[in-house]
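# Results of the structural survey
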Amino acid sequence: MTVGAEAGRLRTEADEPGWEVDPDDEWGVAVIATVGRQLKLRRETVGIRAAEFGTAVGYGEDMVYKIEGGKRIPRQEYLVKADEVLGAGGLIAATWEDVKKVRYPKKVRDLAQMEAKAVELQLYDPLNIHGLLQTPEYARGLLLMRRPAYTEEEVERFIAARVARKAVFERDPAPEISFVLEEWTLRRPLGGRAVLRRQLEHLLEAGQLRNVELQVMPMDREEHAGLAGGIDVLKFEDGSAVGRSPVVANGRPVSEPKQLRILELRYGIIRAQALTPRESTAFIERLLGET
């Protein structure tokens, strides 16, 4: 079987950073290895050499071997093109349903899984608007500030991961979610004024949800219990909880009662020092009018 070469330069690893398989992610390794074996078996069955196949799908031979060997995560476009070239009738393209479940870093998946089970979330980020509240445009502006810079592929991957986490707002029954936002994060126009306006509008929309409370910590506060770092506390239906903060266990998730008590105490003081939800809504509306 011969395959017509696709015009243009063949893609290499340098074109797709961030799609490597994390060797410590056992589930991800297993899924990607299985998909890779299916691709290799199908290619060899129809008698196409790796180099010829790579030309047809627009990838270099080395990339083909790494994807088939479970070393690289295939993009959806790769699987769709491979399905066409190999005449798989949709079987290869369908593996994207498995791949997309592990395409995000393990720590992001773990966080999303915990958020999906929590009945109460207490969230404070002193540096940025919390990821669950970010619009895709704002998230892009924030990610583009990173140095050394992310590639466009990495930016898109991280944005997709953050958007996927927003499913927590669509659950039924909905969890109780509390956010404390720093005033300065609401003023800095990352991505431009138009992006900031849309972000502020989104915050007002989120704040109208019955299960969501937004509170703003003004910059003129003389006392602030959150200067040591962010706080995430997630509580579950069975009464258990997990928390995380840079100043507790080096940022690793903790579930010990003593450490959780420290995080909840700090979060409670931060909320008490911030504006009330109603005052915060008026504050955000005023900022929107000034933007």
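Just so you know, these numbers come straight off a predicted model, no measurement behind them. (Residues numbered from 1 in each chain as written. Predicted model: local features only at pLDDT ≥ 70, side-chain atom pairs only at ≥ 80, totals over all residues. Heavy atoms only, no water.)

What follows concerns the pattern of salt bridges. If charged atoms from side chains of opposite charge come close, those side chains can pair. Evaluation of the coordinates by the stated rule reveals 17 salt bridges. With a shortest N-O distance of 3.2 Å, Arg198 and Glu205 are connected by a salt bridge. For Glu205, a relative accessible area of 41% translates into the label partly exposed. We note a salt bridge from Lys235 to Glu264, for which the minimum N-O separation is 2.7 Å. One end of the pair, Lys235, is in strand β4 (residues 231-236); the other, Glu264, is in helix α11 (residues 257-273), with 29 residues separating them in the sequence. The exposure class assigned to Glu264 is partly exposed, which follows from its relative accessible area of 31%. (Salt bridge = Lys/Arg side-chain N within 4 Å of Asp/Glu carboxyl O. Buried < 20%, exposed > 50% of the residue type's maximum accessible area, 1.4 Å probe, protein only. Helix = DSSP H or I, 4+ residues; strand = E, 2+ residues; numbered from the N terminus.)

What follows deals with the environment of Arg140. The topology assignment puts Arg140 in helix α7 (residues 136-143). Residue classification places Arg140 among the partly exposed positions, given a relative accessible area of 28%. C-alpha of Arg140 to C-alpha of Val155: the two residues are 15 residues apart in sequence and 6.8 Å apart in space. The contact partners of Arg140, leaving out residues within four places of it in the chain, are Glu152, Val155, Glu156 and Ile159. In this structure the side chain of Arg140 is engaged in a polar contact, spanning 2.8 Å, whose partner is the side chain of Glu152. (Contact = heavy atoms within 4.5 Å. Polar contact = N/O pair within 3.5 Å; in protein donor to acceptor, adjacent residues only side chain to side chain.)

Right, let's get into the packing of helix α1 (residues 26-46) against helix α4 (residues 76-86). Packed helices, taken two at a time, are described by the angle their axes make and the gap between the axes. Remark: α1 packs on α4, axes separated minimally by 10 Å, with the N-to-C direction vectors making an angle of 25°. Taken together, α1 and α4 sit at an angle that is classed as roughly parallel. Note that α1 runs across α4; the crossing there is left-handed. Packed against α1, whose contacting residues are Val35, Leu39, Arg42, Arg43 and Val46, the element α4 presents Tyr78, Leu79, Ala82 and Leu86 at the interface. (Axes fitted to C-alpha atoms, helices over the stretch in contact; angles between N-to-C directions. Parallel < 35°, antiparallel > 145°, perpendicular 65-115°, else oblique. Left-handed = near helix turned anticlockwise from the far one by under 90°.)

Turning to the side chain of Glu183, a few remarks are in order. With respect to the element layout, Glu183 can be found in helix α9 (residues 183-187). When its relative accessible area of 7% is taken as the criterion, Glu183 is described as buried. When sequence neighbours within four positions are dropped, the list of residues in contact with Glu183 reads Val216, Met217, Pro218, Met219 and Phe283.

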